[in-house]
Amino acid sequence: MTSKQLARQVWRVVRTVFIGAIPLGCLILFKRVGIEVHGALGDGLTILCIAWTALTYMSLLDPLFDNRLTAVREVLSTIRSLTDKK
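Note that the coordinates shown come from a computational prediction; the quantities given were computed from them, not determined experimentally.

Caption draft 1: The overall build of the protein, seen in detail. Within the protein, the regular secondary structure consists of three helices and zero strands. When its helices and strands are written in sequence order, the protein yields α-α-α. Against the 2.2 N^0.38 benchmark of 12 Å for 86 residues, the protein shows a C-alpha radius of gyration of 18 Å, more extended than a compact globule. Here the protein holds 86 residues, and the buried ones make up 12% of them. Accessible surface for the protein amounts to roughly 7200 Å². Of this, 69% is attributable to carbon and sulfur atoms.

This is the structure in structure tokens:
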């Protein structure tokens, strides 16, 4: 691996880690400044932020994750189209 390829790989990892942490970081920041969302909405936002972080990091760790995600989308699309015809 050349130094240019290594630099690109490192940049990709740093960028993905940062992007994955943005929603969770915003939630923590909001709580620190006193903006809190309570109830079902707050729970939903927390779950969404954790899911975003997990999916982003999984895409970093698994090089075939994008292909698997595309396959899941196609299966769901097929199921929806079959249920719409009924």
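Caption draft 2: Geometry of the pattern of salt bridges. Using the criterion set out here, one finds one salt bridge in the structure. Residues arginine 68 and aspartate 62 are paired through a salt bridge, measuring 2.3 Å at the closest nitrogen-oxygen approach. Residue classification places arginine 68 among the partly exposed residues on the basis of a relative accessible area of 47%.

Caption draft 3: Region of the structure containing the layout of surface pockets. Here the largest pocket is characterised by a volume of approximately 220 Å³. Contributing to the lining of the largest pocket are 13 residues, with Leu27, Phe30, Val37, Gly42 and Leu45 lying nearest its centre. When contributions to the lining of the largest pocket are tallied by element, the ones reaching two or more residues are α1 (3-32) and α2 (39-61). Among the residues forming the lining of the largest pocket, the class breakdown is eight nonpolar, two polar and three charged.

Caption draft 4: Layout of the side chain of threonine 53. Along the chain, threonine 53 falls in helix α2. Only 3.0 Å separates the side chain of threonine 53 from the backbone oxygen of cysteine 49, close enough to count as a polar contact. Not counting residues within four places of it along the chain, the set of residues in contact with threonine 53 comprises Gly20 and Leu24.

Caption draft 5: Just the packing of α1 against α2, in detail. Interhelical geometry of α1 versus α2 gives an angle of 175° and a closest axis separation of 8 Å. On the basis of their axis angle, the class for α1 and α2 is roughly antiparallel. On the side of α1, the interface is formed by Arg12, Val13, Thr16, Val17, Ile19, Gly20, Ala21, Pro23, Leu24 and Leu27, while α2 contributes Leu45, Thr46, Cys49, Ile50, Trp52, Thr53, Thr56, Tyr57, Ser59 and Leu60. Within the contact of α1 with α2, the residues separate by chemical class into 13 nonpolar, six polar and one charged.

What counts, and at which threshold
- Residues numbered from 1 in each chain as written.
- Predicted model: local features only at pLDDT ≥ 70, side-chain atom pairs only at ≥ 80, totals over all residues.
- Heavy atoms only, no water.
- Helix = DSSP H or I, 4+ residues; strand = E, 2+ residues; numbered from the N terminus.
- Rg over C-alpha atoms; globule rule 2.2 N^0.38 Å.
- Buried < 20%, exposed > 50% of the residue type's maximum accessible area, 1.4 Å probe, protein only.
- Areas by Shrake-Rupley, 256 points an atom, 1.4 Å probe, with all protein chains shown as cover.
- Salt bridge = Lys/Arg side-chain N within 4 Å of Asp/Glu carboxyl O.
- 1 Å grid on protein atoms, 1.4 Å probe; cavity = no way out; pocket = protein on both sides within 12 Å on 5 of 7 lines; lining within 4 Å.
- Points joined across faces, edges and corners; volume = space filled by probe spheres on them.
- Nonpolar A, V, L, I, M, F, W, Y, C, P; charged D, E, K, R; others polar.
- Polar contact = N/O pair within 3.5 Å; in protein donor to acceptor, adjacent residues only side chain to side chain.
- Contact = heavy atoms within 4.5 Å.
- Axes fitted to C-alpha atoms, helices over the stretch in contact; angles between N-to-C directions.
- Parallel < 35°, antiparallel > 145°, perpendicular 65-115°, else oblique.

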